[in-house]
Amino acid sequence: MSTTNTTAHPVEKVGAAGATFVDQRLGSNKFLSRNLSKVFPEHWSFMLGEIALYSFIVVLLTGTYLTLFYKPSMAEVIYDGSYVPLNGIYMSEAYASTLNISFDIRGGLLIRQMHHWSALIFVAAVAVHMFRVFFTGAFRKPRELNWIVGVALTTLALAAGFTGYSLPDDLLSGTGLQIIRGILQSIPLIGTWLAFFVFGGEYPGGEIISRLYSAHILLVPGLILALITVHLIMVWTQKHTQFPGPGRTNNNVVGYPLLPVYMAKAGGFFFIVFGIVALLSGLVNINPVWIFGPYTPDQVTAGTQPDWYIGWLDGALRLMPNWETVIAGFTISWNVFIPSVVVPGILFTGLAFYPFLEAWATGDKREHNLLDRPRNAPVRTGIGVMAIVFYGILWLAGGNDLVATTFDLSINALSWTLRVLLIVAPPLAFIITKRTCLSLQRRDRDKLLHGYESGRILRLPHGEFVEVHQPLNEKELAVISSKPDTAVLPAPEKSDADRVRNPRYLVHSLRHRLSAFFYGDNIPRPTAQEIEAGQHHADDQAAVEAPLLEYEERDVIVNAHGGVLHHPGMPTTNADQRTSSDNNKQ
């Protein structure tokens with residue numbers, strides 16, 4: 001007779017007692033049982049947001065280590081450290097401490113590079129994540145506020161990058177500060193005062209490094225953490241969006257529970273991101289500040305380039321013509337103010353309010369938990385591609401000097417070429433993208449009506465040659481059939497039946513035109529009856545072809561005109577050959 005030992009392990013007893021203690025005071029068990037089983041959908045693009053979160057965690061961890069040794073002071077010292085070429089050189093204490101971290105602190109250079117690489121990955125992941133949200137329409141009701149939070153996070157990510165970029169106080173980062181001073185001074189009326197306020201007096205002053213340091217380690221990260229928390233709370237509360245597929249509707253979520261599946265995947269993915277950042281930092285050098293030397297206001301480094309996410313602003317400054325206006329003795333530098341203040345302000349404001357603009361223009365007030373395929377929103381997709389092309393041209397212009405010297409081009413000719421492309425290329429990209437999306441819609445419609453083109457030609461008993469079409473499988477049918485068809489808002493009447501003028505005619509007319517712009521060009525989805533008939537037609541063709549396929553399986557392979565098509569001992573039929581090949585692979 002055997003007995004089962006039901007005595008709990010001491011660790012289990014302690015854990016159970018702790019859980020009971022907390023539950024009796026906070027009611028945690030009910031909350032955890034409800035939320036740990038929450039379902040999250042599965043798709044590779046959802047990992048972009050996770051990459052941003054995990055890289056930000058790496059930024060915080062490495063940044064905490066660096067604060068132990070960095071000295072945010074512009075006090076002048078004489079360097080006497082391990083990097084011999086700079087020994088005896090006057091420099092700020094901030095630059096000297098950066099050199100000490102790189103050469104004298106154990107693991108300092110690796111941590112510094114991990115901090116820099118993870119910051120770059122964080123900004124890139126946020127940007128690509130925003131692209132995914134935009135192209136799939138995940139910003140629509142009820143997630144408009146979450147989109148604004150994402151735009152704010154993107155802006156803060158750029159601010160965090162810039163403030164950290166300037167802390168080493170080397171010649172490269174000092175040149176960036178010089179550009180910032182010029183941007184501040186270009187603002188009409190308050191520019192000069194604002195520059196004095198930020199730098200604590202005449203440039204470069206003695207306070208800017210300590211002020212940037214406070215913003216970099218306290219203000220900006222605190223705001224980012226707060227917005228990330230708000231973002232995750234909204235995602236949790238509003239339910240995660242999902243791509244169309246079998247069984248997926250606007251009212252459910254198909255995926256895996258948070259515990260244990262999703263948490264296990266998320267934990268493993270964090271260590272993958274951490275490992276890639278560490279590997280990249282150990283193998284690829286970035287921002288070697290010792291090469292540039294300490295910053296002095298009368299010097300500028302040759303071929304200076306900002307980090308990639310600021311490059312488009314630098315490119316805008318380089319492409320803007322030299323326009324200035326003198327009004328009442330005051331000079332307004334439009335060549336600096338427009339590309340560095342006006343253009344970014346318009347772009348980020350338009351980006352933040354785009355969900356409300358699209359909803360107003362299209363009259364769409366529904367809740368959307370099922371994502372769009374980019375091809376099914378050709379205008380929105382065209383706008384996104386147009387913005388990417390616009391950004392790419394400005395980013396390329398940010399390195400026009402390096403491009404010109406590398407390819408032996410005239411920098412003036414290159415700059416004028418980029419100016420023309422900046423005006424011409426984005427509209428062309430919009431037109432091409434929109435037409436491509438409509439073509440893909442047309443192909444999807446053909447698939448629903450006729451099935452897949454198999455490429456096989458079949459001769460019917462009465463002599464007709466037809467191409468065999470294959471029916472769509474369940475997943476493809478669900479994905480393609482999810483396309484929404486939104487009607488264009490009707491044109492308003494100028495007056496009613498009693499000839500009373502419509503006071504909101506102009507507003508409604510603008511809304512009608514915008515609605516036609518968004519949804520006027522559309523390939524309508526077939527009706528359910530047409531789809532069913534098309535799939536049945538493909539099934540009928542497959543049934544007609546089935547006897548031929550069965551005959552082909554039994555067909556004996558023979559020699560032809562002396563060609564060696566079969567050796568003794570080899571399988572004699574196509575089916576036997578495939579079976580033999582599969583056995584050999586195993």
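Residues numbered from 1 in each chain as written. Predicted model: local features only at pLDDT ≥ 70, side-chain atom pairs only at ≥ 80, totals over all residues. Heavy atoms only, no water.

### Structural notes on the overall build of the protein
Applicable threshold: Strands are runs of DSSP state E lasting at least 2 residues, helices are runs of H or I lasting at least 4, and numbering of each runs from the N terminus. Think of it in three bands: with a 1.4 Å probe and only protein chains considered, a residue is buried below 20% of the maximum accessible area for its type, exposed above 50%, and partly exposed in between. A contact between two residues is defined here by any heavy atoms of the two lying within 4.5 Å. Areas reported here follow the Shrake-Rupley algorithm with a probe of radius 1.4 Å; residue values treat only the protein chains shown as occluding.
Assigned secondary structure in the protein consists of 20 helices and eight strands. Looking at the 586 residues of the protein, the share that counts as buried comes to 38%. Taking contacts inside the protein between residues at least 6 apart in sequence as the whole, the part at least 24 apart equals 71%. Carbon and sulfur atoms make up 65% of the accessible area of the protein, which amounts to about 33,100 Å² in all.

### Remarks on helix H1 (residues 10-26)
The following threshold applies: To estimate the expected span of a helix, subtract one from its residue number and multiply by 1.5 Å.
In this model, H1 (17 residues) spans 24 Å end to end at C-alpha, consistent with the 24 Å of a helix rising 1.5 Å per residue. Positive backbone phi, at 65°, marks Gly27, one or two positions downstream of H1.

### Describing the packing of aromatic side chains
The geometry of an aromatic ring pair is captured by two quantities: the separation of the ring centres and the angle between the planes. Threshold: Here a pair means two rings of Phe, Tyr or Trp (six-membered ring of Trp) with centres within 6.5 Å. Their orientation is stacked below 30 degrees between planes, edge-to-face above 60, and tilted elsewhere. Throughout this description, the term charge over a ring refers to an Arg CZ or Lys NZ atom that lies within 6 Å of the ring centre and within 35 degrees of the ring normal.
For the structure shown, the criterion picks out 29 aromatic pairs. Relative to Tyr262, the ring of Phe40 has its centre 5.0 Å away and its plane inclined at 20°; by these criteria the two rings are stacked. With Phe40 in strand S1 (residues 39-41) and Tyr262 in helix H10 (residues 258-283), this residue pair connects regions lying 222 residues apart in the sequence. Ring pairing ties together the aromatic residues Phe131, Phe134, Phe135, Phe139, Trp147 and Tyr354, which thus form one cluster. Looking at Lys38, its charged tip hangs above the ring of Trp236, at a distance of 5.6 Å from the centre.

### Brief notes about the side chain of Ser102
The condition is simple: What qualifies as a polar contact is a pair of N or O atoms within 3.5 Å, subject to a donor-acceptor requirement within protein and to the restriction that residues adjacent in sequence count only when both atoms come from side chains.
Its place among the elements puts Ser102 in helix H4 (residues 93-103). Look at Ser102 and you get buried, because its relative accessible area is 6%. Among the polar contacts listed, one links the side chain of Ser102 to the side chain of Arg112, at a separation of 3.0 Å. If we skip the residues at most four places from it in the chain, Ser102 touches Leu109, Arg112 and Trp290.

### Side note on the nonpolar core
Cut-off, in case you're wondering: Here, nonpolar core refers to any group of buried Ala, Val, Leu, Ile, Met, Phe, Trp, Tyr and Cys residues whose side-chain atoms link them within 4.5 Å.
Membership of the largest hydrophobic core comes to 37 residues, with the highest contact counts inside it found for Phe122, Val123, Phe134, Phe139, Trp147 and Ile224. Ranked by residues supplied to this core, first place goes to helix H5 (residues 108-136) with ten residues. In this view, Val123 contacts Ala157, Leu158, Trp308 and Tyr309; residues no more than four positions away in its chain are not counted. Membership of the second largest hydrophobic core comes to 26 residues, among which are Tyr54, Ile101, Leu184 and Ala266.

### Regarding a nonpolar patch on the surface
As a reminder of what qualifies: Patches draw on residues past 30% relative accessible area with no salt bridge. Two like charges within 9 Å are joined, as are two nonpolar side chains (Val, Leu, Ile, Met, Phe, Trp, Tyr) within 5 Å. Take a side-chain nitrogen of Lys or Arg and a carboxyl oxygen of Asp or Glu: if they are within 4 Å of each other, that pair is a salt bridge.
A cluster of nonpolar side chains, Val420, Ile423, Val424, Leu428, Ile431 and Ile432, forms an exposed patch at the surface whose accessible area comes to about 570 Å². Under the relative-accessibility criterion, Ile431 is labelled partly exposed at 47%.

### Some points on helix H16 (residues 411-450)
We count it as follows: Throughout, the bend at a residue refers to the angle made by two axes, fitted to the seven residues ending there and to the seven starting there.
Between its terminal C-alpha atoms H16 stretches 55 Å, which fits the 58 Å expected from 40 residues at 1.5 Å a residue. At Leu421, H16 shows its maximal bend, which comes to roughly 35°. Where H16 terminates, the next one or two residues include Gly451, which has phi positive at roughly 85°.

### Overview of the pattern of salt bridges
Tallying each qualifying case throughout the model produces twelve salt bridges. Glu93 is paired through a salt bridge with Lys71; the nearest N and O atoms lie 3.9 Å apart. In this pair, Glu93 is assigned in helix H4 and Lys71 in the loop between helix H3 (47-67) and strand S2 (76-78), connecting sequence segments 22 residues apart. By relative accessible area, Lys71 is classed as partly exposed at 44%. Two residues, Asp314 and Arg318, come together in a salt bridge whose shortest N-O distance is 3.3 Å. Taken as a pair, Asp314 and Arg318 lie in helix H12 (residues 311-319) at a separation of four residues, close to a single helical turn. Judged by its relative accessible area of 13%, Asp314 is buried.

### Some remarks on the packing of H4 against H5
What counts, and what does not: All axes are obtained by fitting lines to C-alpha atoms, using only the stretch in contact for helices, and the reported angles, taken between N-to-C directions, cover 0 to 180 degrees. Note on angle classes: values under 35 degrees are labelled roughly parallel, values over 145 roughly antiparallel, values of 65 to 115 roughly perpendicular, and the remainder oblique. Asp, Glu, Lys and Arg are counted as charged, while Ala, Val, Leu, Ile, Met, Phe, Trp, Tyr, Cys and Pro are counted as nonpolar; the rest, among them Gly, fall into the polar class.
Where H4 meets H5, the axes come as close as 5 Å, and the angle between the chain directions of the two elements is 110°. Looking at the two axes, H4 sits roughly perpendicular to H5. Every residue of H5 that contacts H4 at Thr98, Ile101 and Ser102 is listed here: Gly108, Leu109 and Arg112. For the contact of H4 with H5, a count of residues per class yields two nonpolar, three polar and one charged.

### Quick word on the pairing of strand S6 (residues 330-333)
Note the threshold: Strands are labelled as partners when DSSP assigns at least two bridges between them.
With four bridges connecting them, strand S5 (residues 324-327) and S6 associate as antiparallel partners. Each residue of the ladder has a partner; that of Thr325, found in S6, is Ile332.

### Observations concerning the environment of Asp372
For Asp372, the location among the structural elements is in the loop between helix H13 (334-362) and helix H14 (378-397). The class for Asp372 is buried, based on a relative accessible area of 8%. A sequence separation of 236 residues divides Asp372 from Thr136, and the C-alpha atoms of the two residues are 4.7 Å apart. A polar atom in the side chain of Asp372 sits 3.4 Å from the side chain of Arg380.

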